[in-house]
Amino acid sequence: MKTFMIERYGDKAGVRAGEMPDPQVGADDVLVRIHAASVNPLDLKLRDGALKAFLPYRLPLVLGNDLAGVVVQVGAAVTRFAAGDEVYSRPDKDRIGTFAELIAVHQDDVAIKPATLTMVEAASLPLVALTAWQALVERAQVQPGQKVLIHAGAGGVGTIAIQLAKQLGAQVATTASPAKVDLVKELGADVVVDYRKQDFATVLDSYDVVLDSLGGETLKKSLQVLKPGGKAISVAGPPDAAFARELGANAILRLAMSALSFRTRRRAKRRNVTYSFLFMQASGDQLRELAPLIDAGKIRPVVDRVFPFDQTREAMEYVEKGRAKAGKVVVTMT
């Protein structure tokens, strides 16, 4: 099958087209012919080797972390799916590789594609929608009337998180550039801070939850806008010991991750708030819970640009250089 892969870390020009054997289909696997896959910042980090300390993939590695496509074969123990089903998925972190014609995914990580979406639209959702769900529903347990700040509201995670937070009954603030104010308001943002002209930390206060996708100084300032007992959840900030435990990391790696987040956790404790790092987990069940909201128009995908499969490397460069105006960049296989 055709793929886009890397053979070594850290080489931006090293993403190349190549042939790989078709996947082996296990008893619990669903073999999917991929129609579309989206590009995520995670793909860039994997390409650069930024995560190899706790995601030690064997090279060559086929990149790509979410997909939409059609089931072509199911394993002997698969009960939920049949050949011909249109599905979408974020494969488990140990079984990525959606920049390819085919992929075998465990049935627990697959869901029927929302009926109202095209393959391109569906492919844009799994990773960012699961991130938003796990941050706001699972970890923050957002309740009606709470105040939620979502950074980079026009980004891949931000566009979905704003909509989900509104469905949970929250009052939503976000940061965005002037050109994206109308979009994030259409998605449901109640308060929009122009980060080019305003410091959100001086404008916002007493928030219950912050979802951070930027890290660094933004995360540091985010702790200041939380009320006592508030929660800062970051997908970009330093990993913590809890994340290391989720990975099943050894004691040395757990200690190292704890050290990386020590200053952030100490600042949070001083302000009587909490900090946690989120690395999204694959979940077909959560994708199934999201589907009715999507089909009802409560959550809609935002797609910036679509590239053909043979331009996958160009699609990654487009994302890396920040050219996307809003939402996701998608690669089509067919």
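Here's a quick rundown of the structure. All figures in this text were calculated on a predicted structure; none of them were measured in a lab.

1. Some thoughts on a positive patch on the surface
- A surface patch of like charges, here positive, comprises Lys 220, Arg 263, Arg 266, Arg 267 and Arg 270.
- Looking at the positive patch element by element, the count peaks at four residues for helix H10 (residues 262-270).
- Relative to the elements of secondary structure, Arg 263 occurs in helix H10.
- Judged by its relative accessible area of 57%, Arg 263 is exposed.

2. Observations concerning the pattern of salt bridges
- Tallied over the entire structure, the rule returns 13 salt bridges.
- Counted as one network, the salt bridges with shared partners bring together Arg 47, Asp 48 and Glu 320.

3. Points about the packing of helix H3 (residues 126-139) against helix H4 (residues 156-167)
- Orientation of H3 relative to H4, taken along the N-to-C sense of each, is 45 degrees, at an axis distance of 8 Å. Comparing their axes, H4 and H3 come out oblique. As for how H3 packs across H4, the hand of that crossing is right-handed. Note on element contacts: H4 touches H3 through Gly 156, Val 157, Ile 160, Ala 161, Leu 164 and Ala 165, opposite Val 128, Ala 129, Thr 131, Ala 132, Trp 133, Leu 136 and Val 137.
- In terms of residue class, the contact of H3 with H4 is built from 11 nonpolar, two polar and no charged.

4. Structural notes on the pairing of strand S15 (residues 303-308)
- Bridge count between S15 and strand S16 (residues 328-332): five bridges; the pairing is parallel. Each bridged residue has a counterpart across the sheet, and for Pro 308 the counterpart in S16 is Thr 332.
- Taken together, S15, helix H12 (residues 312-320) and S16 constitute a β-α-β crossover, and its handedness is right-handed.

5. What about the sheet that holds strand S2 (residues 16-19)?
- If you trace the three strands from one edge of the open sheet to the other, you get S2-S1-S4, paired in antiparallel fashion. With one partner strand each, in any of the chains shown, S2 and strand S4 (61-62) form the two edges of the open sheet.
- Judged from the four bridges that link them, strand S1 (residues 2-6) and S2 form a sheet pairing that is antiparallel. Among the inter-strand pairings, Phe 4 is bridged to a residue of S2, identified as Ala 17.

6. Some words on the environment of Met 1
- Turning to its location among the elements, Met 1 is positioned in the segment before S1.
- In this structure Met 1 comes out as buried when scored by relative accessible area, which is 16%.
- A sequence separation of 94 residues divides Met 1 from Arg 95, and the C-alpha atoms of the two residues are 16 Å apart.
- Among residues more than four places away in sequence, those in contact with Met 1 are Gly 18, Glu 19, Met 20, Pro 21, Asp 22, Pro 23, Ala 100, Glu 101 and Leu 102.

7. Digging into H4
- Across its 12 residues, H4 extends 18 Å between first and last C-alpha, which sits within 8% of the 16 Å expected from 1.5 Å per residue.
- Of all the 12 residues making up H4, 10 are buried; the element is thus mostly covered by neighbouring parts of the structure.
- Phi turns positive, to about 90 degrees, at Gly 169, one or two residues after H4.

8. Some words on the sheet that holds strand S10 (residues 171-176)
- With respect to topology, six strands assemble into an open sheet ordered S11-S10-S9-S12-S13-S14, the strand pairing being parallel. Two strands bound the open sheet, and with one partner strand each, they are strand S11 (191-194) and strand S14 (274-277). Strand-to-strand twist across the sheet, computed as the mean angle between neighbouring axes with direction ignored, equals 15 degrees.
- Packing against the sheet, H3 makes contact with strand S9 (147-150), strand S12 (207-212), strand S13 (226-234) and S14, and its axis sits at approximately 150 degrees to S13.

9. Points about helix H11 (residues 284-295)
- If you check H11, its first and last C-alpha atoms are 16 Å apart, about what 12 residues at 1.5 Å a residue would give, namely 16 Å.
- For H11, the complete set of buried residues consists of Gly 284, Gln 286, Leu 287, Leu 290, Ala 291 and Ile 294. In a view along the axis of H11, the buried residues occupy a sector of 155 degrees, so they form one face of it.
- Tucked inside the fold, the buried residues of H11 contact strand S6 (86-89), strand S8 (110-112) and H3.
- Gly 297, located one to two residues past H11, shows a positive phi value of around 80 degrees.

10. Topic: the side chain of His 151
- Summarising the element assignment, His 151 is placed in the loop between S9 and H4.
- One polar contact links His 151 to Thr 175, side chain to side chain, over a distance of 3.4 Å.
- Of the polar contacts made by the side chain of His 151, one reaches the side chain of Ser 222; its length is 2.9 Å.
- Once you skip the residues sitting within four places of it in the chain, His 151 turns out to touch Gly 158, Thr 174, Thr 175, Phe 200, Val 210, Leu 211, Asp 212, Ser 213, Leu 214, Thr 218 and Ser 222.

Conventions adopted
- Residues numbered from 1 in each chain as written.
- Predicted model: local features only at pLDDT ≥ 70, side-chain atom pairs only at ≥ 80, totals over all residues.
- Heavy atoms only, no water.
- Patch = residues over 30% accessible without salt bridge, like charges linked within 9 Å, V, L, I, M, F, W, Y side chains within 5 Å.
- Areas by Shrake-Rupley, 256 points an atom, 1.4 Å probe, with all protein chains shown as cover.
- Salt bridge = Lys/Arg side-chain N within 4 Å of Asp/Glu carboxyl O.
- Lys, Arg positive; Asp, Glu negative; His and termini not counted.
- Charge placed at Lys NZ, Arg CZ, Asp CG, Glu CD.
- Helix = DSSP H or I, 4+ residues; strand = E, 2+ residues; numbered from the N terminus.
- Buried < 20%, exposed > 50% of the residue type's maximum accessible area, 1.4 Å probe, protein only.
- Axes fitted to C-alpha atoms, helices over the stretch in contact; angles between N-to-C directions.
- Parallel < 35°, antiparallel > 145°, perpendicular 65-115°, else oblique.
- Left-handed = near helix turned anticlockwise from the far one by under 90°.
- Contact = heavy atoms within 4.5 Å.
- Nonpolar A, V, L, I, M, F, W, Y, C, P; charged D, E, K, R; others polar.
- Pairing = 2+ DSSP bridges.
- Right-handed = clockwise from strand over helix to strand, strands pointing away.
- Expected span 1.5 Å × (residues − 1).
- Arc of directions from axis to C-beta.
- Polar contact = N/O pair within 3.5 Å; in protein donor to acceptor, adjacent residues only side chain to side chain.

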